[in-house]
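Chain by chain, the residues:
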Amino acid sequence: MMTRITGQYVRQNTTDEQVQAFIPYPLPPRDPPLQLNAKIQALLHEAEQALIRLDLAGDMVPSLDWFLYAFVRKEAVLSSQIEGTQATLVDLIAFEAQPAHTVPNQDVEEVCNYITALTYAREQLSSPTGLPLSNRLLNETHKRLMAGVRGANKLPGEMRRSQNWIGGTRPGNAMYVPPPPQILHDVMGDFERYFHADDDLHPLLRAGLLHVQFETIHPYLDGNGRLGRLLVSLLLEHWGLLKKPLLYLSLYFKRYQTLYYQHLNIARTDGDWERWLIFFLEGVITVANEATQCARSLFALVGEDRIRLMAHQHVHIAALRLFELLPRHPLITVASGIALIHATKPTVGRAVDILMDAGILVETSGRKRDRIFSYQRYIDVLRQEVD
Ligand SMILES: Nc1ncnc2c1ncn2[C@@H]1O[C@H](COP(=O)(O)OP(=O)(O)OP(=O)(O)O)[C@@H](O)[C@H]1O
Ligand SMILES: [Mg+2]
């Protein structure tokens, strides 16, 4: 077991008590430097291989667009469940299938925010005129993540100006008290510099270190967990380990939440970064393999359904076009179908009939009017791991 001192404690006065707030030293770990023992090396190698396979599985899919959409949403659902969000995959899809003026319930809103925030950050990073990897980018992403009712009083888009704490009901009985607000600027300055640091650590390890450091600093009043996990996805793509943010680590952190919190603690209190990295790399391997498997299942399902549809005796071009849009719109109505493929009502009606007859769409509303059709088996594959 490795031990290091990872920062210092400062006395901080809160309303009527004194607490010890923690100020982490800048990354990377020092005294001693990170010990990349045989176990970490082996896991790192395995994780790299798993990411390569995942990247290829992403390429295998004819429309990367819908594949990504499914995974981002999957991560969003899981990520938000840690916070207690109840939106199911079907709720989300149903919401997205509705006209723009409907008001989402809070759970759905939270999940949609995650996708909006991730999409925003990726666009900034990939655009020559966008924000670079920086605290400003984090703030802007946080603003989108926390938009809406629940986040409104949590300073969306701004770092905190007050003392926060983790666990307990007040700083005095907390499990951990992050850095005082007045030095956040400096601490986050160091954090930001490490994005661009010229050290020879593998980017995957750097992403793992940055995640812990971010949670230790806890720069926002809320949403630190969500943004800290989003950051990992972003970094892996930005540093060229994946072409798309296909890795949904939240699944792993959710499954092992107690262990996850313990490891965050141990990295800080004992300086055992190596132990954290082992946990982190095992997570990367597990979820990358699961994502690869899920990508293959989705790919196989859509491929089989396409063949079946093409073999249908009444198939026509409108049915095929509608089918290709289903992975992005797994719940449709005749009205939404009209908007999707710009065809007449009778044409869309016939396309839906053919898709039902081919066993691809299922009517799920039980109504006579305004019926809803779902690409049920596709939703089932996605749901297998989410719900
Ligand atoms: N002991 C700890 N030390 C450091 N960080 C911790 C500790 N326990 C939990 N955390 C981190 O704090 C996050 C929760 O902080 P916060 O409520 O600001 O984020 P969130 O995005 O709203 O929550 P969640 O992660 O539950 O969705 C956890 O997800 C975890 O990453
Ligand atoms: Mg929270």
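Below: a short report on this structure. (Residues numbered from 1 in each chain as written. Chains lettered and ligands numbered in written order. Predicted model: local features only at pLDDT ≥ 70, side-chain atom pairs only at ≥ 80, totals over all residues.)

Per the secondary structure count, the protein chain includes 15 helices and five strands. For the protein chain, buried positions account for 38% of its 387 residues. (Helix = DSSP H or I, 4+ residues; strand = E, 2+ residues; numbered from the N terminus. Buried ≥ 20, exposed ≤ 12 C-beta atoms within 10 Å, placed from the backbone.)

Once that is clear, we can look at the sheet that holds strand β5 (residues 373-374). A sheet is described by the order of its strands in space; here three strands give the open sequence β3-β5-β4, paired in antiparallel fashion. Two strands close off the open sheet at either side, each with one partner strand: β3 (331-332) and β4 (362-363). (Pairing = 2+ DSSP bridges.)

Turning next to the packing of helix α12 (residues 317-325) against helix α13 (residues 334-341). It is the contact of α12 with α13, at a shortest axis distance of 10 Å, that shows an interaxial angle of 95 degrees. With respect to their mutual orientation, α12 and α13 come out roughly perpendicular. Between α12 and α13, the residues in contact are A318, R321, L322 and L325 and G337, L340 and I341, respectively. (Axes fitted to C-alpha atoms, helices over the stretch in contact; angles between N-to-C directions. Parallel < 35°, antiparallel > 145°, perpendicular 65-115°, else oblique. Contact = placed C-beta atoms within 7 Å.)

This part takes up helix α6 (residues 184-195). Two residues of an α-helix separated by three or four positions point the same way, owing to the 3.6 residues in each turn. For α6, which comprises 12 residues, the first-to-last C-alpha distance of 17 Å matches the rise-based estimate of 16 Å (1.5 Å per residue) to within 8%. Of all the residues in α6, the buried ones are L184, V187 and F191. Burial along α6 is one-sided: seen end-on, the buried residues are contained in an arc of 75 degrees. Exposed residues pointing more than 90 degrees away from the buried face of α6 are listed as H185, D186, G189 and R193. (Expected span 1.5 Å × (residues − 1). Arc of directions from axis to C-beta.)

In regular strands, side chains alternate between the two faces of the sheet. Sheet topology note: the strand β1 (residues 7-13)/strand β2 (residues 18-24) ladder contains seven bridges and is antiparallel. Among the inter-strand pairings, V10 is bridged to a residue of β2, identified as A21. Following β1, the chain reverses through four residues before pairing antiparallel with β2.

Turning our eyes to something else, we now look at the environment of V212. By the secondary structure assignment, V212 is in helix α7 (residues 203-217). Linking V212 and L264, residues 52 residues apart in sequence, is a C-alpha distance of 6.1 Å. Discounting residues that sit within four places of it in the chain, V212 has contacts with L264, A267 and W276.

Omega for the peptide link from L27 to P28 comes to 0 degrees, which places this bond in the cis form. Within the secondary structure, P28 is located in the loop between β2 and α1 (38-60). Omega for the bond connecting D31 with P32 falls within 30 degrees of zero, at -5 degrees, which places this linkage in the cis form. Looking at where P32 falls in the secondary structure, it is placed in the loop between β2 and α1. Although it is not a glycine, L155 sits at a positive phi angle of roughly 50 degrees.

Okay, the nonpolar core next. Formed by 81 residues in total, the largest nonpolar core has its most connected members in L54, L247, L249, V284, V287, A291 and L355. For this core, the element with the highest residue contribution is helix α11 (residues 273-310), accounting for 15 residues. In this structure, this core is formed jointly by two domains, domain 1 (7-294) and domain 2 (313-386), each of which donates at least three residues. In contact with L247, other than residues within four places in its own chain, are L54, S233, L236, L242, V284, V287, A288 and A291. (Core = buried A, V, L, I, M, F, W, Y, C linked by C-beta atoms within 7 Å. Domains from an automatic or database assignment.)

Turning our attention to the environment of Q384. In this fold, Q384 is placed in helix α15 (residues 376-386). On the neighbour-count criterion, Q384 (12 C-beta atoms within 10 Å) is exposed. It is 9.2 Å that separates the C-alpha atoms of Q384 and C294, two residues lying 90 residues apart in sequence.

Following both chains from N to C, one finds α12 and helix α14 (residues 345-357) inclined at 70 degrees, their axes separated by 8 Å at the closest point. As far as their axial angle goes, α14 and α12 are roughly perpendicular. Residues A318, A319, L322 and F323 of α12 pack against T347, V348, A351, I354 and L355 of α14. Taken together, the residues of the contact of α12 with α14 break down into eight nonpolar, one polar and no charged. (Nonpolar A, V, L, I, M, F, W, Y, C, P; charged D, E, K, R; others polar.)

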